[in-house]
Amino acid sequence: MTALLDIVLPVFLVLGAGYIAVWRGLFSDAGVDGLMVFTQKFAIPCLLFSAISTLDLGQGFDWRLLLSYYAGSTTVFVLGILGARFLFGRSMADSIAIGFVALFANSVLLGLPITERAYGIDALVPNYAIVAIHAPFCYVLGITTMEIATAASRDPLRLVTTVGKAVFSNALMIGILLGFAANLSGLQMPGVVGDALDLMIRAALPAALFGLGGVLYRYRPEGDAKVIAYVCGLSLLVHPAIAFGMGRLVTDLTTDQLRSAVLTASMAPGVNAYLFANMYGAARRVAASAVLIGTAATVLTASGWLLLLP
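Residues numbered from 1 in each chain as written. Predicted model: local features only at pLDDT ≥ 70, side-chain atom pairs only at ≥ 80, totals over all residues. Heavy atoms only, no water.

**Observations regarding the overall build of the protein chain**
Turning to step 1, where the next piece is worked out: Counting secondary structure elements, the protein chain contains 14 helices and zero strands.
Turning to step 2, where the next piece is worked out: In the protein chain, the succession of helices and strands from N to C terminus is α-α-α-α-α-α-α-α-α-α-α-α-α-α.
Turning to step 3, where the next piece is worked out: Reported as C-alpha extents along the three principal axes, the dimensions of the protein chain are approximately 55 × 50 × 40 Å.
Turning to step 4, where the next piece is worked out: Every one of the 310 residues in the protein chain was classed for burial, and the buried ones make up 52%. (Helix = DSSP H or I, 4+ residues; strand = E, 2+ residues; numbered from the N terminus. Buried < 20%, exposed > 50% of the residue type's maximum accessible area, 1.4 Å probe, protein only.)

**Focus: the pattern of salt bridges**
Oppositely charged side chains can form a pair if their charged atoms are brought close together.
Turning to step 1, where the next piece is worked out: If you walk through the whole model with that rule in mind, you get five salt bridges.
Turning to step 2, where the next piece is worked out: For D94, the salt bridge goes to R90, with nearest N and O atoms at 3.1 Å. Summarising the burial analysis for this pair, D94 and R90 share the class buried.
Turning to step 3, where the next piece is worked out: Note that D256 is salt-bridged to R259, the shortest N-O span being 3.7 Å. Pair noted here: D256 and R259 are both in helix 12 (residues 255–265), with a separation of three residues, about one helical turn.
Turning to step 4, where the next piece is worked out: A relative accessible area of 18% places R259 in the buried class.
Turning to step 5, where the next piece is worked out: Connected through salt bridges with shared partners, the residues R90, D94, D224 and R285 form a single ionic network. (Salt bridge = Lys/Arg side-chain N within 4 Å of Asp/Glu carboxyl O.)

**Here we look at the environment of V167**
Turning to step 1, where the next piece is worked out: Tracing the backbone shows V167 in helix 8 (residues 156–168).
Turning to step 2, where the next piece is worked out: Assessed through its relative accessible area of 3%, V167 is described here as buried.
Turning to step 3, where the next piece is worked out: Between the C-alpha atoms of V167 and A135, which are 32 residues apart in sequence, the distance is 6.9 Å.
Turning to step 4, where the next piece is worked out: Not counting residues within four places of it along the chain, the set of residues in contact with V167 comprises P136, Y139, V140 and M173. (Contact = heavy atoms within 4.5 Å.)

**Regarding the environment of Y69**
Turning to step 1, where the next piece is worked out: Tracing the backbone through its elements, the reader meets Y69 in helix 4 (residues 63–87).
Turning to step 2, where the next piece is worked out: On the basis of relative accessible area, Y69 is assigned to the buried category, the value being 0%.
Turning to step 3, where the next piece is worked out: In the structure, Y69 is positioned 214 residues away from A283 in sequence and 25 Å away in space, judged by C-alpha atoms.
Turning to step 4, where the next piece is worked out: Apart from the residues within four sequence positions on either side, Y69 is in contact with A105, I130, H134, H239, A261, T264 and A265.

**Quick look at the nonpolar core**
Turning to step 1, where the next piece is worked out: Formed by 103 residues in total, the largest nonpolar core has its most connected members in F12, I44, F100, L110, Y128 and Y219.
Turning to step 2, where the next piece is worked out: Not counting chain neighbours up to four residues away, the residues in contact with F12 comprise L110, I114, T295, T298 and V299. (Core = buried A, V, L, I, M, F, W, Y, C linked by side-chain atoms within 4.5 Å.)

**Some remarks on the packing of helix 2 (residues 29–53) against helix 9 (residues 171–185)**
Turning to step 1, where the next piece is worked out: In the contact formed by helix 2 and helix 9, the axes pass within 7 Å of each other and the chain directions differ by 25°. Here helix 2 lies roughly parallel to helix 9, going by the angle between them. Crossing angle aside, the handedness with which helix 2 passes helix 9 is right-handed. Contact residues: Q40, K41, I44, P45, L48, F49, I52 and S53 in helix 2; A171, L172, G175, I176, L178, G179, F180, A182 and N183 in helix 9. (Axes fitted to C-alpha atoms, helices over the stretch in contact; angles between N-to-C directions. Parallel < 35°, antiparallel > 145°, perpendicular 65-115°, else oblique. Left-handed = near helix turned anticlockwise from the far one by under 90°.)

**Comments concerning the packing of aromatic side chains**
Turning to step 1, where the next piece is worked out: A full pass over the atoms with the stated rule returns twelve aromatic pairs.
Turning to step 2, where the next piece is worked out: An aromatic cluster is present here, built from F100, F104, Y139, F276 and Y280 joined pairwise through their rings.
Turning to step 3, where the next piece is worked out: Its guanidinium or amino end placed over the ring of W23, R24 lies 5.1 Å from that ring's centre, counting from NZ or CZ. (Phe/Tyr/Trp six-rings, centres within 6.5 Å; stacked < 30°, edge-to-face > 60°. Lys NZ or Arg CZ within 6 Å of the ring centre and 35° of its normal.)

**Topic: the side chain of T39**
Turning to step 1, where the next piece is worked out: The topology assignment puts T39 in helix 2.
Turning to step 2, where the next piece is worked out: With sequence-adjacent residues up to four places away left out, T39 is seen in contact with I44, P45, A204, A207 and A208.

**Concerning helix 12**
Turning to step 1, where the next piece is worked out: In terms of residue burial, helix 12 counts as a mostly covered element, since nine of its eleven residues are buried.
Turning to step 2, where the next piece is worked out: Buried-residue contacts for helix 12 involve helix 4, helix 6 (111–119), helix 7 (125–149), helix 11 (225–250) and helix 14 (284–308).

Structure follows, in structure tokens:
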């Protein structure tokens, strides 16, 4: 267990440093916002562009890997909605927002660094395949369900516009699409451009983790303890359990694929879960608290999944 914590704890120490820095007034809210803009709109898109542009698409995009991960995502989304609606008596809008919290794992800021520390940078190929369709899959599923269930968009054209705007205005998605374009076109980066990208990439994850810690300081847990525990259980235990079972018993994943699918599935809800809840004014307190508490709990749950993985 000590060796497993050696893998996971450094990631959370950087995150915790950001949390403490903001808590103690050593780093301002404005500084956190600026850091997150840099990482989310520039550095991480560069990371994803570089990874996708050099990815062996035939090897990386294995339907079995994506089925193992996204079958679990869809299941916990549905369970989140049903549990919130029928166990906790929440409104339909709240229930869908809570389902989205379970659906949207922090696949980039937590999934990538933990997988890299555990298995090395070469083990990230399946992670990038999952990340490449993560935002579009989650947003299309979540927004479409919300718009239809709440009758906010009876016009199919408006529905498509709403979903498309949410997906394609995302800087991470733009980086991914540009990466696919470079990959499929065979574009070769000039050396100096590649070196500049490498500088941005090296800053991406550490800066993002520090900034995420600062962001989490704003999301103090309040009330709704049972709902928060339920959605964290779906995110941290049920989703990776489904990915593990699918990968071992149904889709026969390789060892690298199984590790990436299960570890990514076991990550806490991402900040985008709160942004989705805030966009619809639904279950914001549950979403914010689940992001914070789930991120803290990932220290233990991710260590447990690492122990079970081959």
